Amino acid sequence: MALLIKSVFSFLKQPIFSSSLRVFSITKQLNLKEFQESRNGNKLIIEAVSVPSTRTDLLVRADKIQDLTPAVIDAEKPVCYLCKLGLDIKHTDVLILSQFVRSDGCMLPRRITGLCSRQQKKVGTMVSMAQKAGLMINLTPSRCKKDPKQRYGYKKFNTYFDEATIFMKKIPDQRDKFKR
Amino acid sequence: MSAAKRVQQWATFARTWHIFDCKWQDPYQSANIIKKYLMGLHKPIYHPMNDCGDVVVCINSREIALRGDDWRKRAYFHHTGYPGGASWTLAWELHNKDPTMIIKKAVYRAMKGNLQRRHTMERLFIYPGEEIPEDIKQNVSNQIRQLRLVPQRLDHIPEEEVQQYPKVMEYPPDYVLK
Ligand SMILES: [Zn+2]
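About the thresholds
- Residues numbered from 1 in each chain as written.
- Chains lettered and ligands numbered in written order.
- Predicted model: local features only at pLDDT ≥ 70, side-chain atom pairs only at ≥ 80, totals over all residues.
- Heavy atoms only, no water.
- UniProt positions renumbered as here; feature names shortened; annotations may be inferred.
- 1 Å grid on protein atoms, 1.4 Å probe; cavity = no way out; pocket = protein on both sides within 12 Å on 5 of 7 lines; lining within 4 Å.
- Points joined across faces, edges and corners; volume = space filled by probe spheres on them.
- Helix = DSSP H or I, 4+ residues; strand = E, 2+ residues; numbered from the N terminus.
- Nonpolar A, V, L, I, M, F, W, Y, C, P; charged D, E, K, R; others polar.
- Buried < 20%, exposed > 50% of the residue type's maximum accessible area, 1.4 Å probe, protein only.
- Phe/Tyr/Trp six-rings, centres within 6.5 Å; stacked < 30°, edge-to-face > 60°.
- Lys NZ or Arg CZ within 6 Å of the ring centre and 35° of its normal.

Named according to an unreviewed UniProt entry, chain B is 39S ribosomal protein L13, mitochondrial originating from Leptidea sinapis. Word for word, the UniProt comment on chain B under Sequence similarities (unreviewed entry) is "Belongs to the universal ribosomal protein uL13 family."

The name given to chain A in an unreviewed UniProt entry is Large ribosomal subunit protein mL66, with Leptidea sinapis as the source organism. Checking UniProt for chain A, the heading Subcellular location (unreviewed entry) contains the comment "Mitochondrion". Quoted verbatim from the Sequence similarities (unreviewed entry) heading of the UniProt record, the comment on chain A is "Belongs to the bacterial ribosomal protein bS18 family. Mitochondrion-specific ribosomal protein mL66 subfamily."

In structure tokens:
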């Protein structure tokens, strides 16, 4: 009896799930998607809407710049778009760093940024430096008070960072120079 | 002495009042700059035995910036002289108590420890905010250049400028915006 019920259920399940899966698997959306919530009386409608990217017109790529002195590039390794540009980004360049984060200020993963591992680490560290310095306070989780002066303890005071420490194995201690 | 030479004489030996904005400045790096003006090291007539130091007014000392994790790692030592009278105060705790103390101690330590140091420190005025007394403000005639650029916060940049700024990263085609 149990076997019969099981087989009936599996028979019923199969067409339902296969048809619902097919919608997502066959076509690939070529546009960015955005979740939009709208309320119609008692009904809450959440839909994924395809939106065009606002960044396409403003995009800067090394191939399109005419008189760009090529950055020193290792020919064996494949290089990413940020290495080709050869920019010297600091942690205070929030207009560039804010392109690599979500709306809650979290760094995007490498499969989305498309950077090489060195640049991903560098940009990721500089994003956290900018967040600690309170320079991207509007890109923070919603529970944040949006004011660096209202942070707790030592965090409320201004802090700056040295980008040379990003790839250091050990950050040298200021007091070490007094040791013999 | 001719009239022109007399003015030159006044200008050479007069005390100049400098102003220094400590906003987002490292106190230990700017102490080396302030020291030069306080002692008169920037003048060609400098000699340790002649009193040619200038006056420096530091404003916005509450807004100084320390590097990395210095706020919670740097400790200031004090000893009352009694047994068990030693105390270590972290930099952020000291800054909570007195926002002028860190820059004062930094300038004090940047100078060589001699009898003149205490008198040179008398010519340093530090104010936690932007407001300074009117009689001091009227004397100021020069500004010391800041060492570090004051960083701009993203929410203080106009929204339109942020959107029109050239973009480096493009989202992958099937990315869901968050
Ligand atoms: Zn790269």
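1. Some words on the layout of surface pockets
By volume, the second largest pocket is sized at about 820 Å³. In terms of lining residues, the second largest pocket is bounded by 28 residues, among which R55 of chain A together with V162, Q163, K167 and Y171 of chain B are the most central. If you list the elements that add at least two residues to the lining of the second largest pocket, you get β1 (32-40) of chain A together with α8 (159-164) of chain B. With four residues, α8 of chain B is the largest single contributor of residues to the lining of the second largest pocket. Grouping the amino acids of the lining of the second largest pocket by side-chain chemistry returns 13 nonpolar, eight polar and seven charged.

2. Regarding unusual backbone geometry
Residue K146 of chain A is not a glycine yet carries a positive backbone phi of 60 degrees. Checked against the element boundaries, K146 of chain A lands in the loop between α5 (117-132) and β3 (158-160). In this structure, N60 of chain B is a non-glycine residue whose phi angle is positive, near 55 degrees. The buried category is assigned to N60 of chain B, whose relative accessible area is 5%.

3. Details of the packing of aromatic side chains
With the rule as written, the count across this model stands at four aromatic pairs over all chains. Residues F157 of chain A and W71 of chain B carry aromatic rings whose centres are separated by 4.8 Å and whose planes lie at 40 degrees to one another, so their mutual orientation is tilted. In this pair, F157 of chain A is assigned in the loop between α5 and β3 and W71 of chain B in helix α3 (residues 70-73), connecting two distinct chains. A relative accessible area of 1% means that W71 of chain B is categorised as buried. Taken together, a centroid distance of 4.8 Å and an interplanar angle of 10 degrees make the contact between Y171 of chain B and Y175 of chain B stacked. Taken as a pair, Y171 of chain B and Y175 of chain B share a single burial class, namely buried. Positioned above the aromatic ring of Y108 of chain B is the side chain of R117 of chain B, whose terminal nitrogen or guanidinium carbon lies 3.8 Å from the ring centre.

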